[in-house]
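# Structure assessment
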Amino acid sequence: MVIGAAGQIGRPAVNALARDGWAVTAASRSGGRDAAWPEEVRTLRLDREDGDALAEVVGDGCDVLVDMVAFGAAHARQLTALADRIGSAVVISSVSVYEDGRGRGFDTQERPDGFPEYPVPLPETQRTVAPGETTYSTRKVALERELLAAGDRLPATLLRAGAVHGPHCRSPRELYFVKRNLDGRGRRVLAYGGASRFHPASVRNIAELIRLAAARPGSRVLNACDAEAPTVAGIAAAIDAVMGVRTETVSVDGPPPAPRVGETPWSVPHPVVVDMSAAERELGYRPVVGYADSLPETVAWIADRLAGTDWRTAYPKMAQAYGDLFDYAAEDAWLGV
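## Describing the environment of Ala329
Topologically, Ala329 is positioned in helix α12 (residues 328-335). Overall, Ala329 belongs to the exposed group, its relative accessible area being 57%. A sequence separation of 34 residues divides Ala329 from Leu295, and the C-alpha atoms of the two residues are 28 Å apart.

Next up, the structure:
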């Protein structure tokens, strides 16, 4: 049973599980079907918030339940209430749960003491923020702790995903450079010397981790990212190469020199690079795709979504999260154009 099957990670996960021999039921709010799925995949509609509906679709039981959209303690309790009917679970979490040695996390980056400074690479043993219902990160920690506490009844693998990328992503960070290239921007400004690193996670690599965890049940948390963590300058150059353009990069030491200038969805003053050795050791994980190799389908999908459409309409979650990503007037003013 895959919950959230029609989403960005759900689509390749269903495909990977089905091709691995599982009889898969793909549940989502839309009940949609991906063209790549084998015909044998069963689809159905499900409102994730409806615990009775969830219990009904689980029915007499399933060997593995994969949950892409679980969020908070309440969703965890929905799953643990069905522990006698679920063999094991694989649930998506986030690297945003981590906290540094000074108590700073992703949700506190706007504080005067700034963005968290994590060890590189960042292991799963790094402490996390306190569980709660106030922020995205605290709710993910609450989800994790509820499930891990029930590990004797429901073995659950929690996958802490990084900067997710790939087709069907509702908040694709790659949009930043794809749209600039489509708009013919010949120069770009990158804060922090273009050296920011925010570990990406391909939907195909996360699907591979899900496939492996389904076959090796356990109660654990694992980082879920690609093999490499390229710099933001490297990402920009890779997207340029896919799109066949040349762009001049103006690097700025330190933070953005003016509001909305030089700031990208990957721009962080300290690297966020996770340790993937636990997944390699426990699951035998090997990435199925590298970041640069995955870009052509991502770029094509973003460009297709943007065709004839305002970017805020195509990607409302990006507009909500980042505001005006494309303030070219502010950039030109700073560049003196």
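## Some thoughts on empty space enclosed by the protein
Applying the stated criterion across every chain yields a total of one cavity of 30 Å³ or more. There is about 40 Å³ of room inside the largest cavity. What lines the largest cavity is simply Tyr176, Arg180, Arg260, Leu325, Phe326, Asp327, Tyr328 and Glu331. For the lining of the largest cavity, the secondary-structure elements that each account for two or more residues are α5 (175-182) and α12. A breakdown of the residues in the lining of the largest cavity according to their chemical character gives four nonpolar, no polar and four charged.

## Some details on the nonpolar core
By size, the foremost hydrophobic cluster in this structure holds 75 residues, and its most contacted members are Phe177 and Ile210. The leading source of residues in this core is helix α6 (residues 203-215), at eight residues. Not counting residues within four places of it along the chain, the set of residues in contact with Ile210 comprises Ile9, Ala13, Leu17, Val66, Met68, Val90, Ile92 and Leu159. Ranked by size, the runner-up nonpolar core spans 25 residues in total, among them Ala89, Leu143, Leu158 and Val221.

## Some points on the layout of surface pockets
Once rolled over the atoms, a probe with the size of a water molecule shows which space is left empty. In this structure, the second largest pocket spans a volume of roughly 210 Å³. Residue assignment for the lining of the second largest pocket shows that the elements contributing at least two residues are α2 (51-58) and β4 (62-67). When residues in the lining of the second largest pocket are grouped by element, the largest group, four residues, is from β4. Residues belonging to the lining of the second largest pocket are distributed by class as follows: twelve nonpolar, two polar and two charged.

## Description of the packing of α5 against helix α7 (residues 232-243)
Axis angle and axis distance: for two packed helices, these are the angle between their axes and the distance between the axes, and together they describe the pair. In the contact formed by α5 and α7, the axes pass within 10 Å of each other and the chain directions differ by 45 degrees. Considering their axes alone, α5 and α7 lie oblique with respect to each other. The two elements α5 and α7 meet at a crossing, and its hand is right-handed. For the pair α5 and α7, the contacting residues are Phe177, Val178, Asn181 and Leu182 in the first and Val232, Ile235, Ala236, Ile239, Asp240 and Met243 in the second.

## What about helix α4 (residues 136-149)?
In this model, α4 (14 residues) spans 20 Å end to end at C-alpha, consistent with the 20 Å of a helix rising 1.5 Å per residue. The complete set of buried residues in α4 reads Ser137, Thr138, Lys140, Val141, Ala142, Leu143, Glu144 and Leu147. Tucked inside the fold, the buried residues of α4 contact α3 (73-80), β5 (86-94), β6 (156-161) and β10 (220-224).

## Some words on the side chain of Thr128
If you trace the backbone, Thr128 turns up in the loop between β5 and α4. Within polar-contact distance, the side chain of Thr128 engages the side chain of Arg145 at 3.3 Å. Look past the residues within four positions of Thr128 in its chain and what remains in contact with it is Val97, Tyr98, Glu99, Val141, Arg145 and Arg160.

## Here's the deal with the packing of aromatic side chains
Counting across every chain of the model gives ten aromatic pairs. Judged by centre distance (5.6 Å) and plane angle (10 degrees), the ring pair of Phe177 and Trp266 falls under stacked. Here the residue Phe177 occupies a position in helix α5, and Trp266 occupies one in the loop between β11 (248-251) and α8 (277-283), the gap between them amounting to 89 residues. In this structure Phe177 comes out as buried when scored by relative accessible area, which is 1%. When the centroid spacing of 5.1 Å and the interplanar angle of 80 degrees are considered together, the rings of Trp311 and Phe326 count as edge-to-face. A residue pair is termed long-range when its members are at least 10 positions apart, and Trp311 in helix α10 (residues 311-314) and Phe326 in the loop between α11 (316-322) and α12 qualify at 15 residues. The residues Trp311 and Phe326 share a single accessibility class, namely buried. Grouping aromatic residues by their ring pairs yields a cluster made of Tyr176, Phe177, Trp266, Trp311, Phe326 and Tyr328. In this structure, Arg173 is placed above the aromatic ring of Phe198, and the distance from its NZ or CZ to the ring centre is 5.0 Å. In this arrangement the basic side chain of Arg185 is found over the ring face of Tyr328, its NZ or CZ atom lying 4.3 Å from the centre.

## Re the environment of Phe115
Within the secondary structure, Phe115 is located in the loop between β5 and α4. Classification of Phe115 by relative accessible area gives buried; the value is 7%. Separated by 13 residues in sequence, Phe115 and Arg102 place their C-alpha atoms 10 Å apart.

## Focus on the pairing of β5
Of all nine residues that make up β5, eight are buried, and the element is covered over most of its length. Where β4 and β5 come together, five bridges link them in parallel fashion. If you follow Cys62 over to β5, its bridge partner there is Ile86. With α3 bridging β4 and the parallel β5, this β-α-β connection has right-handed handedness.

What counts, and at which threshold
Residues numbered from 1 in each chain as written. Predicted model: local features only at pLDDT ≥ 70, side-chain atom pairs only at ≥ 80, totals over all residues. Heavy atoms only, no water. Helix = DSSP H or I, 4+ residues; strand = E, 2+ residues; numbered from the N terminus. Buried < 20%, exposed > 50% of the residue type's maximum accessible area, 1.4 Å probe, protein only. 1 Å grid on protein atoms, 1.4 Å probe; cavity = no way out; pocket = protein on both sides within 12 Å on 5 of 7 lines; lining within 4 Å. Points joined across faces, edges and corners; volume = space filled by probe spheres on them. Nonpolar A, V, L, I, M, F, W, Y, C, P; charged D, E, K, R; others polar. Core = buried A, V, L, I, M, F, W, Y, C linked by side-chain atoms within 4.5 Å. Contact = heavy atoms within 4.5 Å. Axes fitted to C-alpha atoms, helices over the stretch in contact; angles between N-to-C directions. Parallel < 35°, antiparallel > 145°, perpendicular 65-115°, else oblique. Left-handed = near helix turned anticlockwise from the far one by under 90°. Expected span 1.5 Å × (residues − 1). Polar contact = N/O pair within 3.5 Å; in protein donor to acceptor, adjacent residues only side chain to side chain. Phe/Tyr/Trp six-rings, centres within 6.5 Å; stacked < 30°, edge-to-face > 60°. Lys NZ or Arg CZ within 6 Å of the ring centre and 35° of its normal. Pairing = 2+ DSSP bridges. Right-handed = clockwise from strand over helix to strand, strands pointing away.

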